[in-house]
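A closer look at the structure
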Amino acid sequence: MSSLHERPTHGAVGEAIPHESAALHVTGQALYTDDLGGRLGGLLHAWPVQAPHARARILAMETAPALTIPGVVRVLTAADVPGENDSGVKHDEPLFPSEVMFYGQAVAWVLADTLDAARLGAGAVRIEYGPLPALLTLTEAIEAGSFQGNASTLRRGDVAQGFAEAAHVFEGEFEFGGQEHFYLETNVALAQVDEAGQVFVQSSTQHPTETQEIVAHVLGLSSNAVTVQCLRMGGGFGGKEMQPHGFAAVAALGATLTGRPVRLRLNRTQDLTLTGKRHPFHAVWKVGFGEDGKLRALQATLTSDGGWSLDLSEPVLARALCHVDNAYYLPHVEVHGRVARTNKTSQTAFRGFGGPQGMLVIEDILGRCAPLLGLEAHELRRLNFYQEGEATPYGQPVRHAGRIAEVWDTLLERSDFAARHAEIRAFNAAHPHRKRGLAVTPVKFGISFNFTSYNQAGALVHVYKDGSVLINHGGTEMGQGLHTKMLQVAATALGVPLACVRLAPTRTDKVPNTSATAASSGADLNGGAVKDACDQIKTRLAEVAAGSLGTRSVKVGALGVHPDDVRFENGRVFPVGHPELGMDFREVVHDAYHLRTQLWAAGFYRTPGLHWDRVNLRGEPFKYFSYGASVSEVEVDGFTGAYTLRRADLLHDVGDSLSPLIDLGQVEGGFVQGAGWLTLEDLRWDTSDGPNRGRLATQAASTYKLPSFSEMPEVFNVALLERATETGVVYGSKAVGEPPLMLAISVREALRQAAAAFGPDGRAQLLASPATPEAVYWALETARTAARTAVAADD
């Protein structure tokens, strides 16, 4: 068999094909979890009883009034849980809490014949609360010393020495907000129990195995008594890695207690108020530069807002620390990380998983400091790129470091950066009330879970007697095209047309012990497992084909065929160099069956070469780095702070793409979602001392601003880096899910440049994040104030 990264001359990988469910999506025929409930008789609907306090003790609960509502069947409370009353892997998330920890937390669930009856029943439940003091902001948590989990420190060299050697030392502070996932499909679960007591849960989850485990321990069952299936998700973005488990457990508990199927689907407001977001961060930093503009030392403390429980906050923080360098070599580093506990939803995984927060810190530092050093921001960034042979602060060599500069220089040339930079200077000089900004930023993002054990995957591939193929794998489809890529991998590995291959829904009874579809690793891990299974089958088929083809080859004067010389291509099987002697793939499968040859295989893949000390943050946690760069141009109105994204040019490294059309879509979508986080999406909680303290104020699309067509770049050029094979990864590809999101940092940096253009040169321009029009207005006002001060001083 060929090595993992080698591609055959002909195969489905690399073809620019549409998403496998694209036609179903646009015609409305694609089924989602919530669509399946209508097919079940006796279906019950679940509705949460949500607490109206950010923090409070539950002093008394009276559920009997709910049962007087017609259609209400049962109210689920902590007393109903036969197993462990907890929905978190850290055992710090009670499914039915005795103490409310955030405004809107579900303290009970009502089951009814109709959704309206369940809603009315929830309103009838009487609860007496004892309000307690609550912490809502990072500042409040830091001042109160409210932290959770383990603190971490990333360290290399001696920062004291680095600062002593530095010609320029600057200090600063930076706080930036989180982000709502706002997937199209809200959280949903559908549970039923069969006659043998087997619990079957259909869930919109990125981590079916963990959903299975949580459901099992809530019910007091073994994992083999629970099956979880994920047909497809209408978006996930990390928000369905941990958050769905409790909802699935509630549905399963209801189905177990009533003997009827239970549907739990959150409406949009419930989803916004019950589920976690991207972690907001606070950073204080000190940085040193040499006379040459090179970074000498960085000292910082990063504090993330974890919300009320740990969830994934520790690994998110670890990844933020591991990406605080982004694409830049830092000889002396000391960065401390800690997780604050606040009375808000438990913040969770979000596309990038802490990487964007870490990168934003260093990019903000460079954007602020460049004018103080007398350099253009793009010059300062280019000066500090990793070079071949250098390693990250945690000790991992930066493989293909030269690719950072290659991507950067190629993009600058393609985007005509130098000429546009000069044009923008001229435009700004001629327009006192409108300014433009142009910025370029790089991305270096590590690919693999930073918990080593998760870097494994399984697959189950069947070849049927008619030559058709069915694949099962442990990854979940949330619109990102993973299933499309797996179909292409299987078709290529077996040498059959794509039309011969079908994919089954992700189920824990087909492929067990799977990792979450997260960390951009879905195609790497599951692709490796699918290829392994296909290679096993193909090896067996080659033995069979060698015998049949050998008979044919003797007739043309050859001495027979060795199994290693059998080729599988486009549904034909033939001796190397003699396609005219080929057999149809179906013929070979037919012969193999009658020779009692195994025509199915379980594949497995573990990412090799990883090692990671989670306590000391040392090792090589990533299989490789994904690289990219983006150029963004904006125009800002000096009267309002409103702005337009005039143009964006993106160049991204996906290795040898498995599916170019899918990957281009991922780069585009990731960039737009990142721009939303950095410029539009402003989560607001009520921080007053009034009765609604702790309530999420932005709990609908009417109050939470998402990117739309009007925020798209007027000119949008997206390209994938060519000739970028990544050895050791399935068919030479690279991950694409998360890294493109960080390309959007160039939009924020362009806004900084535009705001700074309202003032004099040589000053640090601060800019809040998200850089909403309001934030941009106040930033450019500080620039104008500096300009007026400079004029007054000259007078």
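In this report, the structure presented in the accompanying data block is examined. All of these numbers come straight from a predicted model, not from anything done at the bench.

Let us now look at the overall build of the chain. Across its full length, the chain carries 19 helices and 29 strands. Taken over the C-alpha trace, the chain has a radius of gyration of 28 Å; the compact-globule value for 795 residues is 28 Å, and the two agree within 12%. The principal-axis extent of the C-alpha atoms belonging to the chain is close to 100 × 75 × 50 Å. In the chain, which comprises 795 residues, the proportion classed as buried is 60%. The contacts in the chain between residues at least 6 apart in sequence include a share of 81% that link residues at least 24 apart. Surface accessibility of the chain: about 29200 Å² in total, with carbon and sulfur atoms responsible for 52%.

A few words now on the sheet that holds strand β17 (residues 456-463). With mixed pairing, 4 strands are arranged side by side in an open sheet as β19-β18-β17-β24. With one partner strand each, in any of the chains shown, β19 (501-503) and β24 (600-606) form the two edges of the open sheet. For this sheet, the mean inter-axis angle between neighbouring strands, taken without regard to orientation, is 25°. As paired strands, strand β18 (residues 469-473) and β19 are joined by 3 bridges and run parallel to one another. Bridged to L470 within β19 is R502.

By the element assignment, S515 lies in the loop between β20 (506-507) and α15 (522-555). One polar contact links the side chain of S515 to the main-chain carbonyl oxygen of Y454, over a distance of 2.5 Å. Residues within four places of S515 in sequence aside, it is in contact with H207, F449, Y454, N455, Q456 and G474.

It is a general feature of regular strands that their side chains alternate between the two faces of the sheet. Examined bridge by bridge, strand β9 (residues 188-193) and strand β12 (residues 262-265) share 4 bridges and lie antiparallel to one another. In the strand pairing of β12, L190 is matched with R263. Judged from the 5 bridges that link them, β9 and strand β10 (residues 199-203) form a sheet pairing that is antiparallel. Opposite V193, over in β10, you have V199 as the bridge partner.

As a further point, take the side chain of H483. For H483, the location among the structural elements is in helix α14 (residues 482-494). With residues up to four places along the chain from it excluded, the contact list for H483 reads E20, H473, G475, T476, E477, L503 and T506.

This next bit is on helix α19 (residues 773-794). When the terminal C-alpha atoms of α19 are compared, their 31 Å separation across 22 residues agrees well with the 32 Å that a helix rising 1.5 Å per residue should span. Taken as a whole, α19 has its buried residues at A775, V776, A779, L780, E781, A783 and R784. Those residues of α19 that are buried are in contact with β27 (624-637), β28 (643-652) and α18 (745-756).

Turning next to the pattern of salt bridges. Under the criterion given, the structure shown has 46 salt bridges. The closest approach of N and O atoms between D364 and R752, which form a salt bridge, is 2.7 Å. Of this pair, D364 sits in helix α10 (residues 355-369) while R752 sits in helix α18, placing them 388 residues apart in sequence. R752 carries the same exposure label as D364, and that label is buried. Put simply, R420 and E633 hold a salt bridge, and the shortest N to O gap is 2.8 Å. Of the two residues, R420 is situated in helix α13 (residues 417-430) and E633 in strand β27; the sequence distance between them amounts to 213 residues. Comparing R420 with E633 shows no difference in burial state: the two are buried. Among the ionic contacts, a cluster of salt bridges with common partners joins R420, R434, R436, E633, E635, D637, R646, R647 and D649.

It is at 8 Å that the axes of helix α17 (residues 660-679) and α18 come closest, and there the two elements cross at 45°. In this view, α17 runs oblique relative to α18, as classed from their interaxial angle. Within the contact between the two elements, α17 uses F671, L678 and T679 and α18 uses I745, S746, V747, R748 and L751. Tallied by class, the residues present in the contact of α17 with α18 amount to 5 nonpolar, 2 polar and 1 charged.

On to unusual backbone geometry, then. Glycine aside, negative phi is the norm for most residues, and most peptide bonds take the trans geometry. Along the chain, S769 connects to P770 via a cis peptide bond; the corresponding omega equals 10°. Within the element layout of this structure, P770 appears in the loop between α18 and α19. Despite not being glycine, D311 has its phi angle at roughly 50°, a positive value. Here L617, not a glycine, exhibits a phi torsion of approximately 55°, which is positive. Along the polypeptide, L617 turns up in the loop between β25 (611-613) and β26 (618-620).

The rules behind each value
Residues numbered from 1 in each chain as written. Predicted model: local features only at pLDDT ≥ 70, side-chain atom pairs only at ≥ 80, totals over all residues. Heavy atoms only, no water. Helix = DSSP H or I, 4+ residues; strand = E, 2+ residues; numbered from the N terminus. Rg over C-alpha atoms; globule rule 2.2 N^0.38 Å. Buried < 20%, exposed > 50% of the residue type's maximum accessible area, 1.4 Å probe, protein only. Contact = heavy atoms within 4.5 Å. Areas by Shrake-Rupley, 256 points an atom, 1.4 Å probe, with all protein chains shown as cover. Pairing = 2+ DSSP bridges. Axes fitted to C-alpha atoms, helices over the stretch in contact; angles between N-to-C directions. Polar contact = N/O pair within 3.5 Å; in protein donor to acceptor, adjacent residues only side chain to side chain. Expected span 1.5 Å × (residues − 1). Salt bridge = Lys/Arg side-chain N within 4 Å of Asp/Glu carboxyl O. Parallel < 35°, antiparallel > 145°, perpendicular 65-115°, else oblique. Nonpolar A, V, L, I, M, F, W, Y, C, P; charged D, E, K, R; others polar.

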